[in-house]
There are 2 protein chains.
Amino acid sequence: MSRQRKEPASAAVAGVAVPNKPHTALIVFSPSGKRGQFPVGTPVLQAARELGVDIDSICGGRARCGRCQVEAVEGSFAKENIVSSQDHLSDKGEAEQYCEQRGRLRPGNRLSCQAKLLGDVRIDVPASSQVHHQVVRKDYEARDIELDPVVHLYFVEVEEPDLQTPEGDLQRLLRALENEWDLTELSWDLAMLQSLQHALRDGKWQVTVAIRYGHQIVSVWPGFRDRIYGAAVDVGSTTIAVHLCNLSSGEVLASAGAMNPQIRFGEDLMSRVSYAMLNPEGAGQMTAAVRTAISGLIAKTAEQANISAGDVLEITLVGNPVMHHLLLGLDPSPLGTAPFALATDRAVDIWASELEIELHPNARAYLLPCIAGHVGADTAAVMLAETPWMADDISLIIDVGTNAELLLGNRERLLAASSPTGPAFEGAQISGGQRAAPGAIERVRIDPETLEPRFRVIGCELWSDDPGFADQIGENGVTGICGSGIIEAIACMYLAGIILPDGSINGEAGDRSPRIHSSDRTFSYLLHDGEPRIVIQQGDVRAIQLAKAALHAGARLLMDRMGVDHVDRIRLAGAFGSHIDVKYAMVLGMIPDCDLEQVSSANNAAGTGARIALLNRASRLEIEQRARRIEKVETAVDANFQQHFVEAMGIPHSTHAYPRLASFVNLPIAAGPSARTSAGRRRRRKEP
Amino acid sequence: MSRQRKEPASAAVAGVAVPNKPHTALIVFSPSGKRGQFPVGTPVLQAARELGVDIDSICGGRARCGRCQVEAVEGSFAKENIVSSQDHLSDKGEAEQYCEQRGRLRPGNRLSCQAKLLGDVRIDVPASSQVHHQVVRKDYEARDIELDPVVHLYFVEVEEPDLQTPEGDLQRLLRALENEWDLTELSWDLAMLQSLQHALRDGKWQVTVAIRYGHQIVSVWPGFRDRIYGAAVDVGSTTIAVHLCNLSSGEVLASAGAMNPQIRFGEDLMSRVSYAMLNPEGAGQMTAAVRTAISGLIAKTAEQANISAGDVLEITLVGNPVMHHLLLGLDPSPLGTAPFALATDRAVDIWASELEIELHPNARAYLLPCIAGHVGADTAAVMLAETPWMADDISLIIDVGTNAELLLGNRERLLAASSPTGPAFEGAQISGGQRAAPGAIERVRIDPETLEPRFRVIGCELWSDDPGFADQIGENGVTGICGSGIIEAIACMYLAGIILPDGSINGEAGDRSPRIHSSDRTFSYLLHDGEPRIVIQQGDVRAIQLAKAALHAGARLLMDRMGVDHVDRIRLAGAFGSHIDVKYAMVLGMIPDCDLEQVSSANNAAGTGARIALLNRASRLEIEQRARRIEKVETAVDANFQQHFVEAMGIPHSTHAYPRLASFVNLPIAAGPSARTSAGRRRRRKEP
């Protein structure tokens, strides 16, 4: 895409005449190190362009946008054989002073479009003036995002119409874009055309144009404008999260989340598909609900950022196949039964208005590709955030939800599968189970001697045996146990001998503690004697066993297909992945054996992937190609999956598979810092 | 565009084995004369394709569409060195018999996809089986339309999904289109995707796909389908006309017209522009009104044709610049003041739903390009219908409305202008004037001796002095005088000496007839003494003088620019052009001198142009290119226009300019047949 306004042919020589000085001067740019001799009077921006130095501009050298600002570094640089001085640039003219007064020019900086070369100079191009600067990701172990959104702004002056040349407004705009920015073969649409007439006249024939993919004109505003906005949307079956971004800086301006209102039609995915199959209007109701929710969240973030939702020009959306289909108004029914056929497995690029999401009238929506019937655009986004194809090491990436999506591979080869874990890891189908929300037990420790438990609750910093816990937990009290809580509870019960390797609760442990109850020939463990009572039942253990066996079997199946017997690193994506203490996951045999240092949370990788697709144009093509080429493994029809599943039911299902676990199991289980903090520490890559 | 389904590689040899016969046979196609030797057993369709013979097919050789039917001609053809017999084709199989029973196969015809070559044969390809057959135009002197609409149908069988290849429905559809029809690089959109899932399943994985411009998938239906529909819409400032067409045959299935409901916001164009300028919601109201009217007319024609408006996939629209802008939801205000800037002068190709016109959810709308601020898409359509660029002769094409649009030129060069005639020719601003509607006087004769008038009224076959006129005219009576009536009245008044060459009504003629009244120092002529009284006032003569002078001056200006002093033919487009008797137009000096045989009506050329753009894909590109290249002449800023205008005020403004008129003026003005009939006779091209 052209980001360089063409200079009029005469500009190259129309400089400031400086008598008794050499006719050319040396300019050296940092950090690129690019250098060259130019005629005295050459604007710095023009020298940069000729040398291929990456400097941004929206206004095309009209001293309006402030994007091209640079610093002339004072000093003598032997290495560069140059004496650089700010005096070697022309004085600040009116335009620059105006820009300075409006706060667009940082102290000491110059507009490279205005400052002209008078003598040798070293010019520092700050990161914010580079077109493709890096947006720092907070995630550990992640590369930064190169900022190159699909939409860019171009300021142009359009010829006024006259009687002699009865050309349309649009044709004069197109000519200005070609003459000033070398943009040709541009497409446009009615919404843009409808705003063009007033934009041109209100802006006195000066307008700023937003162009998408370098060829689609999506908006035109009167006068100069330098901000464009976009939103990354992660449509989960439980929650929807929106991140509003400044597309010029990459900055996240505001974030908001809400429950997915489709929950009232069905708690989990399959019950929503059933609702659609049983009710003729069902899919339509769920489509309307999720679209309204997204519009509401975008409006909320826009308000936080003090902009209008109508300023949002681009959104990216990710979600599992059922969320993806409902959002698009497609029938999710085929996803409910074999062969689980998607309507499309390609990326979808449409008007946001087609999704009834209220943004700029001409905003576009981009949905990442789904990979297979159970492996959706959310997994594609996780791939994009994790880029397993950039490493030689073999990564296993697990996104735990109602199903677990699994990605395995490296630079050479990538495989994907979905494993039918059911919703137990999300706290569903567990007695006393609940979603991860304030009041839910999320951490559990059990003293192997006394069998007494301690726990922590979401929304409270203290452990249950810390002084003041009852006060801090307040009236709400302990409301249930979430996925990470049940995992730790069962793992600790196993380590304390309350659960046997086959998963049955050991009635004999009842001799050691009154917390072991017997009822109907099965046993249970009383974790919390409050209102409600939180009891780990035999059925809860079985549900977790089934779920973890499915997860483990899926991972094993992929490893078989890839022909490997271990993985180098494991990344756990999603809310579950960021809450769980991986030690306990490994105690239960949820994940294959791996150096604990190499098991970490990928946090909200799906949301991050959506944000990458929003901020970096090339990432879209990359994920589209990767998603098409990835090897899809269908667990449902593979006999080996059944075999692995049966073998993985025990705890730990196969001790020799976990050589590294032996030492851990013998370790005293310390209360330690919160798992989130310790996970954070583990996540840091070791320095070589 | 590919209209040839690819045959499976094996089909070429998978024929019927015929012992004791030669291994190849000769096939000769008529009318093309193409011929070749093919292996016995080759299907006729395949031989046609290999020889480049143009045979249609939707179903791709599956014996479903009946489009490929041909006739085996019996006989011995010495010239072709062939003895042809129906027995030289394989017998009708089940598929053909089924097609025959459903009435898809005409008696004696064969499906070329089924009939296999057994011996030498001559095959006649009827016009209806040719892909690009001609659609006959009723207009005189017009070439037929080559049928090649932008949308074509393709029947395909799509692979069913399976667990092993988790491809989306869309990807399997795309593969089928590529494999069967060689269609690649297809685009699609959400509306199509939303209907695809059910179409595939309801059609048992057989669907018919509508593809536009050879690359846009616009619709998919379950099973086989062979009809697609389109509508051509002429949006006039007074009336809107819709022609519903079968895009497979080119046939007009139904037509409907209605008053343009924008009339309630302003009778003529400039009053509507003023309404938009004075009322913030004005343009929006007029936009909504015209869109609703178009939807209603399409629904009406669909009902007449016994189809659903939802079956209409494509519409073309033409109108003058103000109609064009209001239809698109663009602000018409800039068209009201110099420099009369259009929003765009290019063709507009959008979703019909963007115009809120109720058709197929994915229907597209195509608006022909506007040429200049006063020369609209209706003039572009007239150009397309008249194709002045195909002749060496110089044509002057005049479309009379509130303004007159003028086209002048030939193969070498084309010029366009608009002339500010005002609405007098439409009966507006004339005392007793009205639109051409039942009750309006449309023909006038005045006896040069007695000065007594006779006239005809729209809706009545008789002249006013015929016996029974009063009975036939009925209660409604004579309501006013329309444009053609006022032209003839003034021309006859001039010929009878009631009007002098300078346009003043001759008071002295009052001595010869009581119909000449004097009032306020001006005179008038009583045309009809009824209720209302129809009187030709001095002011009416002045209004027509101004209008005709403007029209004439516009034509002269174009002739000056082109460097010619005469034109070879004149075509009068629009309702006015089809009603007027050109002799009287020439008496008044409305049009330049021209052989009367070469002056004719182009009837509804704008509507015909819209229909051509609907039925023939190449015509769109042609008119887009022609419209861009045509030389636009702005009358408002040309001093010569003023000069011509002043000179053209007299009647006839300059006798030497009309050498041919002299003999006519001296002719007794016979009552003769109705002008429409006589114009019809004149219109017929002389046989060489």
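Residues numbered from 1 in each chain as written. Chains lettered and ligands numbered in written order. Predicted model: local features only at pLDDT ≥ 70, side-chain atom pairs only at ≥ 80, totals over all residues.

Let's talk about the overall build of chain A
Phase 1: Looking only at helices and strands, chain A has 18 helices and 30 strands in total.
Phase 2: Along the longest, intermediate and shortest principal axes, the C-alpha atoms of chain A span 100 × 65 × 55 Å.
Phase 3: Out of the 688 residues in chain A, the part that is buried amounts to 52%.
Phase 4: Of all intrachain contacts in chain A linking residues separated by at least 6 positions in sequence, the fraction that spans at least 24 positions is 67%. (Helix = DSSP H or I, 4+ residues; strand = E, 2+ residues; numbered from the N terminus. Buried ≥ 20, exposed ≤ 12 C-beta atoms within 10 Å, placed from the backbone. Contact = placed C-beta atoms within 7 Å.)

Some words on the environment of Ala428(B)
All names here are of chain B.
Phase 1: If you trace the backbone, Ala 428 turns up in the loop between strand E21 (414–419) and strand E22 (440–446).
Phase 2: With 16 C-beta atoms counted inside 10 Å, the residue Ala 428 sits in the partly exposed group.
Phase 3: In this structure Ala 428 touches Glu 267, Asp 268, Pro 423 and Gly 433, once residues within four positions along its chain are discounted.

A closer look at the sheet that holds strand E2 (residues 35–39) of chain A
Residues and elements named next belong to chain A.
Phase 1: Read across the sheet, five strands follow the order E2-E1-E7-E3-E6 without closing on themselves; strand pairing throughout is mixed. Edge strands, defined here as strands with exactly one partner in the open sheet, are E2 and strand E6 (109–111). For this sheet, the mean inter-axis angle between neighbouring strands, taken without regard to orientation, is 40°.
Phase 2: As paired strands, strand E1 (residues 24–30) and E2 are joined by five bridges and run antiparallel to one another. Paired with Val 28 across the two strands is Arg 35, which belongs to E2. (Pairing = 2+ DSSP bridges. Axes fitted to C-alpha atoms, helices over the stretch in contact; angles between N-to-C directions.)

Considerations on the sheet that holds strand E23 (residues 453–457) of chain A
Residues and elements named next belong to chain A.
Phase 1: Across the sheet, three strands lie side by side as E23-E22-E24; this open sheet has mixed pairing. What marks the edges here is a single partner per strand, and that holds for E23 and strand E24 (480–481).
Phase 2: Across two bridges, strand E22 (residues 440–446) lies against E24 in parallel orientation. Note on E24: the bridge partner recorded for Ala 440 is Gly 480.
Phase 3: On top of the sheet, helix H10 (residues 483–495) reaches E22 and E24; it is set at about 15° to E22, its chief contact.

Things to note about the relation of the copies chain B and chain A
Phase 1: Overlay of chain B on chain A (RMSD 0.1 Å): rotation 180°, translation along the axis 0.1 Å. Both chain copies can therefore be described as sitting about a two-fold axis. No C-alpha of chain B lies nearer the rotation axis than that of Glu354(B), which sits 5.8 Å from it.
Phase 2: Take the interface residues of chain B: 100% of them recur as interface residues in chain A, which is what a same-surface contact looks like. (Least-squares fit on C-alpha atoms with pLDDT ≥ 70 in both.)

Quick look at the interface of chain B and chain A
Phase 1: Taken together, the contacts link 39 residues of chain B with 39 residues of chain A.
Phase 2: No other element matches the six residues that helix H4 (residues 190–202) of chain B contributes to the side of chain B that touches chain A.

Regarding helix H5 (residues 269–278) of chain B
All names here are of chain B.
Phase 1: Taken together, the buried positions of H5 are occupied by Leu 269, Arg 272, Val 273 and Ala 276. Projected down its long axis, H5 carries its buried residues within an arc of 100°, all on one side.
Phase 2: Buried positions along H5 lie against helix H6 (282–304) and helix H7 (321–328). (Arc of directions from axis to C-beta.)

Digging into the pairing of strand E26 (residues 522–528) of chain A
All names here are of chain A.
Phase 1: Summarising burial for E26: five of the seven residues are buried, a large majority.
Phase 2: Note that strand E25 (residues 516–519) and E26 share four bridges and pair antiparallel. Directly across from Ser 518, in E26, lies its bridge partner Phe 523.
Phase 3: Once E25 ends, the chain turns through two residues before running back antiparallel as E26, passing Asp 520 with a positive phi of about 55°.
Phase 4: Direction of pairing for E26 relative to strand E27 (residues 534–537): antiparallel, over a ladder of four bridges. Counted as the bridge partner of Leu 526 is Val 535 from E27.

Re unusual backbone geometry
Phase 1: Ala338(B) connects to Pro339(B) through a cis peptide bond whose omega is 5°.
Phase 2: Turning to its location among the elements, Pro339(B) is positioned in the loop between H7 and strand E17 (348–351).
Phase 3: The omega angle of the peptide bond from Glu531(B) to Pro532(B) is 5°, so this bond is cis rather than trans.
Phase 4: Relative to the helices and strands, Pro532(B) resides in the loop between strand E26 (522–528) and strand E27 (534–537).
Phase 5: The phi torsion at Glu185(A) lies on the positive side, around 55°, for a residue other than glycine.

Concerning the domain arrangement of chain A
Residue and element names in this part refer to chain A.
Phase 1: As assigned here, chain A comprises domain 1 (9–129), domain 2 (150–222), domain 3 (243–367), domain 4 (379–421 + 543–681) and domain 5 (424–538).
Phase 2: Among the elements of the structure, helix H4 (190–202), strand E11 (206–212) and strand E12 (216–222) are those that each provide at least two residues to the side of domain 2 that touches domain 3.
Phase 3: A class-by-class count of the residues in the side of domain 2 that touches domain 3 yields six nonpolar, one polar and two charged. (Domains from an automatic or database assignment. Nonpolar A, V, L, I, M, F, W, Y, C, P; charged D, E, K, R; others polar.)

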